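Coordinate inspection notes
Here is what each chain is made of, one letter per residue.
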Amino acid sequence: MNSPLPASALRRRCDPQRLGFATTAALQGLERAPGQARAESSLAFGIGMRREGYHLFAMGPEGYGRHSLVRARLEEEARRREAPADWCYVFNFDAPHRPRALKLPAGRANAFRDAMARLVEELAAAIAAAFETDEYRNRHREIETELAERQERALNDLGARARGDGIALVRTPSGFGFGPFSKAGDGVMEPEEFGKLEAAAQQRFEKRIGELQKELGDLLHQMPKWRREALDRMRGLDRDVTRAAVNSLIDELKATYAALPHVQEYLERVKADTLANAAVFRQAKDGEAPTLFGIPLPRPEGSEGPFRRYAVNVLIEHSGASGAPVVTEDHPSHAALIGRIEHVAQMGALVTDFTLIRAGALHRANGGYLVLDALKVLTQPYAWEALKRALRARAIDVRTLGQELGILSTVSLEPEPIPLDVKLVLVGERHLYYLLHAWDPEFAELFKVAVDFEEDMPRGDDDDARFARLIAGCVAREKLRPLDAAAAARVIEHQARDAGDAHKLSVRMQGLVDLLREADYWTGVAGRETVGVEDVRKAIDAQVARADRLRERLKETIVRGTLLIDTAGSRVAQVNALAVLQLGDFAFGSPHRITSRVRLGSAGVVDIERESELGGPIHSKGVLILSGYLAGRYMPTKPLSLSASLVFEQSYGGVEGDSASSAELYALLSALAGAPLKQSLAVTGSVNQHGDVQAIGSVNEKIEGFFDLCRARGLTGEQGVLIPQANVMHLMLREDVVQAVEEGRFAVYAVRSVDEGVELLTGVPAEEIHARVEARLAEFAAKARAFAAGGERPWQPGKKK
């Protein structure tokens, strides 16, 4: 019969003396957790590979330092690269709804914007001054005078020809007219006088007046043409005056950006537009609109800000940057990623222009690196599709959601796309990576580098000391009090417990940092300058106390007898199985009673949990394995005439997992053999068809769950837990459990097979148990044959007799 495990096998301790320091202040701290060689190698490859589609997906559970390691590696690489170019949006004089993108060397965008603002101010002053000179006024007056004289001369010539025929050209407020001179020579003939003329004279006058009116009509028709010619001359004059004022200012700015052809081209367009719209630069007197010959001139688009079209919208600039940008976007919505176009309300309508285009995370990270949380991107509407579209096109096309969905009927902007050169790192859980890989065909084309983070590191002879350096690094980074060697050793043991393996250390940085912060708090409460082992222990106990209300209530219901669990005595077909409950970050074990009933029949082993739809598929598989064990171990050449049932008593929720399958088998064998099982022992472990007991998870929590119940009722030295031999390496039990084992008040047994377990539970040799079982099954088979020979069938569950 197996002996219990020694106390030394239940917890692998860290010897403070072997750490080699008095406090962590004497150590050179590690910045990042060790044991991530695979992830760091993948990161280095993905960052260095500049080919298309080699973006990265950093996968692993939350709290293991994914973000910090990724960002640290990216910042190291970014410092070795040059700062990327600046980008601006400017007015498109050919298509105002399609703003142009201008690329400028790093750090020069703001200077260009300010230079354009100064240029507009200087142009306004220079042009206004040029139009106030005596030379311009004289030339302007000459053109107006020439037009007036030409009109007057033509009218005078017409009037002279009319006078030669005795007809006067009359000017009235309503226009021009003709009439014959009176005989008295003092004006136009009155109608009465005209009526006394002979008919021939009247006809002659009427005929001539009709000819003169036609000439007058032709003349008046010519006058708008003469006015247009004058206006053209005036515009030419304005252009000449404006050109003289503008050329020197814009040419001076062009010389500053001589090495940038696209800026040169833009400045040429600014010059042409300035010459075409010189009137907007002239200051109207007394707030009146500019006029020409008294006619109000139409203002160009954006009259509320006539110089707005010459503004420069700096989308992204890198003044003072010493390397490539590393951007983390915490809210990766559609607009936050690709940018947005803002609107302003004017006269009840929403309007926009190129100065209201705003940058997104892709603009800020362009030429560098962008880090996004995968889950946040996927849960933002249309953000994932927009991100993939930008990566595929290698361009950032700023489009609103309204444009993409086709729900906007108003005129909007279509900014020129900006070329995209970015290395993207998505950070997320493993299941997200595999789901995207399976269901999104574009994912594998874009994210070819998987960065898989380890959850633990090996715990060899030198790894405890290396982990102590990690603790020292965390303490220094968080500005905490140093830990003495014993406290550091206790933290290391806790990390092994967190890993669920005595030979591993958890690298869950969030949990480690939280523990160090809380231990530092209790040290401060005690008024000490160095964190001791009691402070670490108090921090751990406080973490458990904050989360274990449900565990305490469950234990209370068992102690008070509401939930029936025996911890003493023996009983046939009844065994204590161990299950684990996970509530957030807190997991705890609790015993459950499993019972079995057997009788003659042919239904086999019935899983009541499955029949009631409370059992999960893995649990159902474990029960079916028991049928395979029975069929192979007992009477393999004869049919089993058995109807048996198995159930978790007082279980009102779902049951999943196969860690109770060995306990179910012990209950079944006890029922068949009539051998009582010790209720002072609890069992965990799965079993295969050959009777081998297999490893399970959360072995520490399960042992401690039964220990807590036994301690509440009183430890007798008879209580203990059976675990698989394969789980011994995972043992990192609480110190109170180890102490109880060391004092002989509790025991932990490791078993390799069902035979070893059944001997411990019954106190009877396994061969005797198997013989009893086989005899019982043979009895059932004989009775079944007798029933068959007598024409009767044995009763089946669910059928009437």
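All values derive from a computational prediction rather than experimental measurement. Residue positions are given per chain, counting from 1 as you read along its sequence in written order. Given that this is a predicted model, residues contribute local features only at a pLDDT of at least 70 and side-chain atom pairs are listed and counted only at 80 or more, while totals for whole chains, interfaces and linings are drawn from all residues. With hydrogens and water excluded, all non-hydrogen atoms of the structure serve as input to the side-chain values.

Let us now look at unusual backbone geometry. We note that lysine 479 has phi near 55°; this positive angle belongs to a residue other than glycine. Where helices and strands are cited, they refer to DSSP runs of H or I of at least four residues and of E of at least two residues respectively, numbered from the N terminus. Examined against the element boundaries, lysine 479 turns out to sit in the loop between helix H16 (463–478) and helix H17 (485–499). One non-glycine residue with positive phi stands out, namely methionine 635, at about 45°. Mapped onto the elements, methionine 635 comes out in the loop between helix H22 (617–633) and strand S25 (643–648). Classification of residues uses two cut-offs on accessible area relative to the type maximum, computed with a 1.4 Å probe and protein chains only: under 20% is buried, over 50% is exposed, and between them is partly exposed. Given a relative accessible area of 8%, methionine 635 falls into the buried group.

Each nonpolar core is a collection of buried residues, namely Ala, Val, Leu, Ile, Met, Phe, Trp, Tyr and Cys, held together in the definition by side-chain atoms within 4.5 Å. Within the largest apolar cluster, 69 residues are counted, with the highest numbers of intra-cluster contacts made by Leu104, Phe112, Met116, Phe178, Tyr266 and Phe281. Where this core is concerned, the elements lending two or more residues are strand S2 (86–90), strand S3 (100–104), helix H4 (109–130), helix H5 (134–164), helix H7 (199–256), helix H8 (261–276) and strand S8 (313–316). At 17 residues, the largest contribution of residues to this core is made by H7. Every residue pair with non-hydrogen atoms within 4.5 Å of one another is taken to be in contact. If we ignore the near neighbours within four places in the chain, the residues touching phenylalanine 112 are Leu102, Leu104, Tyr257, Val263, Tyr266 and Val312.

A few words on the packing of aromatic side chains. Any Phe, Tyr or Trp ring, taking Trp's six-membered ring, that has another such ring centre within 6.5 Å forms a pair; planes under 30 degrees apart are called stacked, those over 60 apart edge-to-face, and the others tilted. A complete count under the given rule lists 18 aromatic pairs for this structure. Both rings, one in tyrosine 433 and one in tyrosine 434, keep their centres 5.2 Å apart while their planes meet at 80°; by these two values the pair is edge-to-face. Both rings, one in phenylalanine 707 and one in phenylalanine 746, keep their centres 5.2 Å apart while their planes meet at 85°; by these two values the pair is edge-to-face. Here phenylalanine 707 is found in helix H24 (residues 699–713), whereas its partner phenylalanine 746 is found in the loop between helix H25 (735–742) and strand S31 (747–751), with 39 residues between them in sequence. The exposure class of phenylalanine 746 is buried, given its relative accessible area of 3%. Taken together, the ring pairs connect Phe91, Phe93, Phe112, Tyr257, Tyr266, Tyr310 and Phe354 into an aromatic cluster.

Parsing the chain into structural domains produces domain 1 (11–78 + 456–520), domain 2 (130–260) and domain 3 (553–789). The split into domains, and so the bounds of each, comes from an automatic or database assignment of domains. Taken over C-alpha atoms, the centre of domain 1 sits 94 Å from the centre of domain 2.

Pairing is mixed across the open sheet formed by seven strands, whose spatial order is S24-S25-S23-S22-S27-S30-S31. Two strands bound the open sheet, and with one partner strand each, they are strand S24 (604–607) and S31. Across this sheet, the average inter-strand angle for adjacent strands is 30°, counted without regard to direction. We call two strands paired when DSSP finds no fewer than two bridges between them. Where strand S22 (residues 574–583) lies against strand S23 (residues 586–599), 10 bridges are found, and the strand directions are antiparallel. Looking at the pairing, asparagine 576 lines up with arginine 593 of S23. Every axis corresponds to a line fitted to the C-alpha atoms, with the helix fit spanning only the stretch in contact, and the corresponding angles, defined between N-to-C directions, vary from 0 to 180 degrees. Packing against the sheet, helix H23 (residues 661–673) makes contact with S22, S23, S24, S25, strand S27 (681–683) and S31, and its axis sits at approximately 25° to S23.

As a general point, the strands of a sheet are linked pairwise by backbone hydrogen bonds and lie either parallel or antiparallel. With parallel pairing, five strands are arranged side by side in an open sheet as S9-S14-S17-S1-S18. The strands lining the two open edges of the sheet, one partner per strand, are strand S9 (326–329) and strand S18 (449–452). Between one strand axis and the next, the sheet turns through 20° on average, direction left out of account. Across the sheet, helix H2 (residues 37–48) is in contact with strand S1 (56–59), strand S14 (369–373), strand S17 (423–428) and S18; its angle to S18 comes to roughly 155°.

All right, on to the side chain of threonine 595 then. Assignment of secondary structure puts threonine 595 in strand S23. Identification of polar contacts relies on pairs of N or O atoms within 3.5 Å, with a donor-acceptor requirement for protein atoms, meaning one able to donate a hydrogen and the other able to accept it, and with residues adjacent in sequence counted only if both atoms are side-chain atoms. Separated by 2.4 Å, the side chains of threonine 595 and glutamate 649 make a polar contact. Once residues lying within four places of it in the same chain are set aside, the contact partners of threonine 595 are Ala573, Gln574, Ser645, Leu646, Val647 and Glu649.

Axis separation between H2 and helix H3 (residues 66–79) bottoms out at 11 Å; the angle between their running directions is 40°. One finds that H2 runs oblique with respect to H3. Where H2 crosses over H3, the two elements pack in a sense that is right-handed. Contacts between H2 and H3 involve Glu40, Leu43 and Ile47 from the first element and Leu69, Val70, Arg73, Leu74 and Glu77 from the second. Residues that form the contact of H2 with H3 fall into these classes: five nonpolar, no polar and three charged. Oblique is the label for every angle not falling under 35 degrees (roughly parallel), over 145 degrees (roughly antiparallel), or within 65 to 115 degrees (roughly perpendicular). Helix crossings fall into two classes, left-handed where the near helix is turned counterclockwise from the far one by less than a right angle and right-handed where it is turned clockwise. Asp, Glu, Lys and Arg are counted as charged, while Ala, Val, Leu, Ile, Met, Phe, Trp, Tyr, Cys and Pro are counted as nonpolar; the rest, among them Gly, fall into the polar class.

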